[in-house]
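Take a look at the letters that make up each chain.
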Amino acid sequence: MGDKFLMVYTRVGIKMRRKDVCLTQSEHSLASCCLYSPLVRLWAGVLHSTPLSPTDNNPACVLYCVTPLILLQNWYCASKTEAEFEAFEYAKRSGLDVVSVCPTLILGPMMHSNVNSSSLVLIKLLKEGYESIENKMRMIVDVRDVAAALLLAYEKPEAEGRYICTAHHVRVRELVDKLKQLYPSYNYPKSITEVEDEMNISSDKLQKLGWSYKPLEETLTDAVESYKKLGLVD
């Protein structure tokens, strides 16, 4: 590979139990491989950012979010948050250059018919026909823009710490209205109820690295067209 570097891209898995958190050895093993390989200078990890996950771009904030998530028994968010904390702690001990990219709700074109949980959010809006749904805030980012963020995090020498990766902040009502304009014939929610759901989250740090994102309409259109080709919606 000459002077090129190998990027390691992973979603780190952690076993969770109700009363304690037990890390597997996979994360430490992977980090150790990165550390001792002459081809690897950086480990770029992807961990989803959710309303209960750390929303700051500073890695120091990650530890303080773990305990509340465990108390709420939000095991998915807690496991991702704990994994990120462990990765940065390993970096401190070993000198490995670790950067995390934390995307919000990832939408966009799918390549196969195995539906992931993010795409399912949009598919259900199109075909479920909910009697009522809450007008929650949805923070959306295109899957292709997440890939671009990973490349930036790996290739830019100045990349450091954690990067929130989000593009469009839209409430469900606005999202449904946009979808109706593009695809008026689907079975959309019949009513939308108002809820308090504010969140301050920004990708400014990532944009300063040179990142940009696609228009929401392009993301939605490409997503729905891929669902149609895969037979997931009519």
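Before reading on, note that the structure itself is shown above.
Residues numbered from 1 in each chain as written. Predicted model: local features only at pLDDT ≥ 70, side-chain atom pairs only at ≥ 80, totals over all residues. Heavy atoms only, no water.

Chemist: What is the right way to look at the nonpolar core in this model?
Modeler: Within soluble globular proteins, side chains that are nonpolar generally end up buried alongside one another. By size, the foremost hydrophobic cluster in this structure holds 25 residues, and its most contacted members are Leu126, Leu179 and Tyr227. The set of elements that each furnish at least two residues to this core consists of β6 (105-107), α4 (117-127), α6 (172-182) and α8 (216-229). Apart from the residues within four sequence positions on either side, tyrosine 227 is in contact with Leu107, Gly108, Met110, Ser119, Leu122, Ile123, Leu126, Leu232 and Val233. Within the second largest apolar cluster, 16 residues are counted, among which are Val99, Val101, Val141 and Ala167. (Core = buried A, V, L, I, M, F, W, Y, C linked by side-chain atoms within 4.5 Å. Buried < 20%, exposed > 50% of the residue type's maximum accessible area, 1.4 Å probe, protein only. Helix = DSSP H or I, 4+ residues; strand = E, 2+ residues; numbered from the N terminus. Contact = heavy atoms within 4.5 Å.)

Chemist: Quick question: what am I supposed to make of the pairing of strand β9 (residues 161-165) here?
Modeler: Both faces of the sheet carry side chains from a regular strand, because those side chains alternate between them. Within β9, 5 of the 5 residues are buried, which leaves it mostly tucked inside the rest of the structure. Taken together, the 5 bridges between strand β5 (residues 97-103) and β9 define a ladder with parallel strand orientation. Bridge pairing in β9 links proline 103 to cysteine 165. (Pairing = 2+ DSSP bridges.)

Chemist: Can you walk me through α4 in this structure?
Modeler: Residues three or four positions apart in an α-helix share a direction because the helix packs 3.6 residues into each turn. Listed as buried for α4 are Ser118, Ser119, Leu122, Ile123, Leu125 and Leu126. Taken end-on, α4 shows its buried residues confined to a sector of 155°, consistent with a single buried face. Buried residues along α4 sit in contact with β6, β7 (133-134), α6 and α8. You can read the cap of α4 off the contacts: a side-chain oxygen lies 3.2 Å from the backbone nitrogen of serine 118, and it is on asparagine 116. (Arc of directions from axis to C-beta. Polar contact = N/O pair within 3.5 Å; in protein donor to acceptor, adjacent residues only side chain to side chain.)

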